[in-house]
Amino acid sequence: MRYSAFEILKQGLSGNKGWKPVWREPEPKAEYDVIIVGGGGHGLSTAYYLSKVYGMRNIAVLEKGWLGSGNIGRNTTIIRSNYMMPGNQPFYEFSLKLWEGLEQDFNYNAMVSQRSILNLFHSDPQRDAFVRRANAMILSGADAELADEAQLRRELPFLDFDNARFPIKGGLYQRRGGTVRHDAVAWGYARGADSHGVDIIQNCEVTGFDIENGVCTGVQSSKGRIRAKKVAVCVAGSSSRVMSLAGMRLPIESHVLQAFVTEGLKPTLPGVITFGAGHFYVSQSDKGGLVFGGDIDGYNTYAQRGNLPVVEDVAEGGMAIMPMIGRTRLLRSWGGVMDMSMDGSPFIDKTHIEGLYFNGGWCYGGFKATPASGYCYAHLLANDTPHPVATEMRLDRFKRGHIIDEKGQGNQPNLH
Amino acid sequence: MIINHPLLGPRDAAEFVYLGDAALIDRPDPEAENADEQFYEYGYLRDNPAGAHQELWYHEQGDRSWLVVTRDTLTHEITGVKLARDEAKKRGRNK
Ligand SMILES: Cc1cc2nc3c(=O)[nH]c(=O)nc-3n(C[C@H](O)[C@H](O)[C@H](O)COP(=O)(O)OP(=O)(O)OC[C@H]3O[C@@H](n4cnc5c(N)ncnc54)[C@H](O)[C@@H]3O)c2cc1C
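In this numbering scheme, every chain counts its residues from 1 along its sequence in written order. Written order decides the labels, with chains lettered from A and ligands numbered from 1. For this predicted model, a pLDDT threshold of at least 70 governs which residues receive local features, and a threshold of 80 or more governs which side-chain atom pairs are given and counted, while totals over whole chains, interfaces and linings are taken from all residues. Side-chain calculation: all heavy atoms of the structure are included, whereas hydrogens and water are not.

Caption draft 1: Inspection of the overall build of chain A at higher detail. Per the convention used, a helix needs a DSSP run of H or I reaching at least four residues, while a strand needs a run of E reaching at least two, with both numbered from the N terminus. Along the backbone of chain A there are 10 helices and 18 strands. Note on method: radius of gyration uses C-alpha positions; expected globular size equals 2.2 Å times residues raised to 0.38. Relative to the compact-globule value of 22 Å for 416 residues, chain A shows a C-alpha radius of gyration of 22 Å, a close match. In terms of its C-alpha atoms, chain A occupies a principal-axis envelope of roughly 65 × 65 × 40 Å. Exposure categories follow from relative accessible area, calculated using a 1.4 Å probe and restricted to protein chains: below 20% of the type maximum is buried, above 50% is exposed, and the middle band is partly exposed. In chain A, which comprises 416 residues, the share counted as buried stands at 57%. Here the analysis covers contacts within chain A between residues at least 6 apart in sequence; of these, 74% occur between residues at least 24 apart. For the accessible areas, the method is Shrake-Rupley and the probe is 1.4 Å, while residue cover comes only from the protein chains on display. Accessible surface, chain A: about 17,000 Å² in total, of which carbon and sulfur atoms supply 52%. When checking whether two residues touch, look at their non-hydrogen atoms; a contact exists if any pair is within 4.5 Å.

Below, the structure is given as structure tokens:
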């Protein structure tokens, strides 16, 4: 069924009895051309582009829980393309362009809202670094705009400009950045993939790979053995666990990131704002709650919950730029397990096992990448060559000395 | 989380800095034949298990000792804490 204003009218006049489930719930077939392991945002968008753009049929997505139970349903929904490194920025700009046409493309309201993202800076050297980043963004075809203190005082009078420790000197705007309704992204891609014949199989955990003479011929799952010509793993925080079933060790650690939402307020924040001297980012949801977060807890974990020291740290970050936040009450907080790679950048690559592919290492920035990650992974699965904007996201880059070190800090698994 | 420090008793985990898998104690021999391969694995690859994990914590806001903590990554339960120095010596390091 195609959604449209006319359809809403028609259904409304006929008692809303004609709406149908948005995807089927099939049992797995014995064999597929491609099995995608993990029904998060990336797995579903991979299935969508593989069937729609690359014309492949006979595809299954195997999801251990229900769709949206992973990080796709836990993130703070920020999209942007304000990276700097050549291995990253063109990819994220490609992703932002896909976001811009996504709702029309998959005929689903994902509430893509380009309400802008503003990265504050607090010192002259930081301003210089942001000018450099802005230039890299513009070179990749993205938009970037430097705002001085006077402009920000006019636009965002509630910021603590005269903070003694971290005075606000200006910021870097990306007006095309913003937020998207995360659950709707999963549902929209699932519906789109299903309409192109993809089998989406929930409550089906992959428990092993069938590997014969270095070739992957299928998976073992809680619904039995399923054969496949290609197996594409895409399990975010569970990457190391799942790839260890194929005997692989990854340059990844799993860490928890917490997020917070306050009671609903009247419109206060026009867009996304980030603190430049600590780690804190905030936006306001359409329901009115302030949605914010900060650093990861910083130790390996698979528990989808964090500890109090980070709650305090995030709250301090919020108070440092926006003291009014201290007057609102916190409604909820939660955590998600992320696949933190050793340089903060992701992987979309083949493995040394023929027929086995890996997509992961998204750290806590993989939501914005959802469209491009799926598109590039689909390209790789269909052609066995990387998509032009994802040529550097290789698993062996550490061995070759070609890390994508966005922060210039070397290898450590706590980068963005 | 509370870490039961072998010398100082129970301390809040916020006093510590986390480094990662205690396998980092076992630095490869730079003279070895395949030292480049070994250092690649040492520097970048991790087991990252779901369950018991031996890991290095540094008591920065305390006595500045390094500890080897055994903690379950599914429940955050801590089942063992040792001085990293003792553990390293046991594994054949001279300090
Ligand atoms: C609190 C928080 C805030 C965030 N904020 C942002 C943000 O503002 N902007 C941004 O860009 N990114 C953000 N992120 C990161 C982003 O959410 C993730 O990088 C991204 O969602 C990961 O890709 P995914 O959607 O495919 O993951 P997931 O939704 O986690 O999908 C992986 C799926 O694999 C399944 N799976 C695991 N093991 C198996 C198995 N053995 N068999 C079958 N299925 C399996 C899981 O059940 C899961 O559904 C945030 C993350 C968190 C936790």
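Now that the structure has been shown, the text picks up again.
Caption draft 2: How the structure looks around the sheet that holds strand β5 (residues 66–72) of chain B. All names here are of chain B. Strand pairing is assigned whenever DSSP detects at least two bridges linking the two strands. One open sheet accounts for four strands, arranged β3-β4-β5-β6; its pairing is antiparallel. Whereas interior strands pair on both sides, the edge strands pair on one side only; in this sheet they are β3 (17–21) and β6 (78–83). Direction aside, the axes of adjacent strands within the sheet are offset by 30° on average. Here the axes come from fitting lines to C-alpha atoms, over the contacting stretch only for helices, and the angles between their N-to-C directions go from 0 to 180 degrees.

Caption draft 3: Main features of the packing of aromatic side chains. Residue and element names in this part refer to chain A. Stacked, tilted and edge-to-face are the three classes applied to pairs of Phe, Tyr and Trp rings, where Trp contributes its six-membered ring and a pair requires centres within 6.5 Å; stacked means planes under 30 degrees apart, edge-to-face means over 60, and tilted covers the rest. Summed over the entire model, instances satisfying the criterion amount to 28 aromatic pairs over all chains. Arranged with centres 5.2 Å apart and planes meeting at 85°, the rings of phenylalanine 94 and tyrosine 375 form a pair that is edge-to-face. Note that phenylalanine 94 is positioned in helix α3 (residues 89–106) and tyrosine 375 in helix α9 (residues 370–383), a separation of 281 residues in sequence. Taken together through their ring pairs, the aromatic side chains of Tyr3, Trp19, Tyr48, Tyr49, Tyr54, Phe94, Phe106, Tyr108, Tyr189 and Tyr375 make up a single cluster. Residue placement shows arginine 175 over the ring face of tyrosine 173; its charged tip is 3.8 Å from the ring centre. We count a charge as sitting over a ring when the NZ of a lysine or the CZ of an arginine lies within 6 Å of the ring centre and within 35 degrees of the ring normal.

Caption draft 4: Local environment of the sheet that holds strand β12 (residues 252–264) of chain A. All names here are of chain A. Here eight strands make up an open sheet; going across it, the order is β5-β6-β4-β13-β14-β15-β12-β16 and the pairing mixed. Each end of this open sheet is capped by a strand with a single partner; those strands are β5 (145–148) and β16 (330–341). Pairwise comparison of adjacent strand axes, ignoring direction, gives a mean angle of 25° for this sheet. Inspection of the sheet shows β12 paired to β16 by 11 bridges, in the antiparallel sense. The partner of valine 261 across the bridge, within β16, is arginine 332.

Caption draft 5: Representation of unusual backbone geometry. Residues and elements named next belong to chain A. At asparagine 16, a residue that is not glycine, the phi angle is positive and equals roughly 55°. Mapped onto the elements of the fold, asparagine 16 is located in the loop between α1 (5–13) and β1 (31–37). A positive phi angle, near 55°, is found at asparagine 107, a position not held by glycine. Along the chain, the position of asparagine 107 falls in the loop between α3 and β4 (117–121).

Caption draft 6: Summary view of the interface of chain A and chain B. On the side of chain B, 22 residues touch chain A, which itself brings 23 residues to the contact. Summing both partners gives a buried area of about 2,100 Å² for chain A against chain B, and 50% of it is carried by carbon and sulfur. Throughout, buried area stands for the accessible area (probe radius 1.4 Å) lost by two parts on being put together, summed over both. Among the residues chain A hides against chain B, the three largest losses belong to Arg249, Asn300 and Tyr302 of chain A. Together they make up 30% of the total. When a carboxyl oxygen of Asp or Glu is within 4 Å of a side-chain nitrogen of Lys or Arg, the pair counts as a salt bridge. Taken together, chain A and chain B are joined by three salt bridges. With its nearest N and O atoms 3.3 Å apart, the salt bridge here joins glutamate 253 of chain A to arginine 46 of chain B. Contacts described as polar in this section are N or O atom pairs within 3.5 Å, which, within protein, must combine one atom able to donate a hydrogen with one able to accept it, while residues neighboring in sequence count only if both atoms come from side chains. Viewed at the interface, chain B and chain A are joined by 16 residue pairs in polar contact (both at pLDDT 80 or more). If you list the elements that add at least two residues to the side of chain A that touches chain B, you get α7 (239–244), β12, β15 (289–300) and α10 (397–400) of chain A. Broken down by element, the residue count for the side of chain A that touches chain B peaks at four residues, all from β12 of chain A. Side-chain classes follow a simple rule in which Ala, Val, Leu, Ile, Met, Phe, Trp, Tyr, Cys and Pro form the nonpolar group, Asp, Glu, Lys and Arg form the charged group, and the remainder, Gly included, forms the polar group. When the residues that make up the side of chain A that touches chain B are grouped by side-chain class, the tally is 10 nonpolar, eight polar and five charged.

Caption draft 7: Local environment of the nonpolar core. Residues and elements named next belong to chain A. Side-chain atoms within 4.5 Å link the members of a nonpolar core, which is a set of buried Ala, Val, Leu, Ile, Met, Phe, Trp, Tyr and Cys residues. In terms of nonpolar packing, the biggest core is built from 52 residues, with Ile36, Phe91, Trp99 and Ile348 touching the most fellow members. Elements with a contribution of two residues or more to this core: β1, α2 (41–52), β2 (59–62), α3, α6 (182–195) and α9. Here phenylalanine 91 is in contact with Ile348, Trp362, Ala369, Ala372, Ser373, Cys376, Val389, Ala390 and Met393, once residues within four sequence places are set aside. Ile201, Val233, Phe347 and Ile353 belong to the second-largest nonpolar core, a separate cluster that totals 32 residues.

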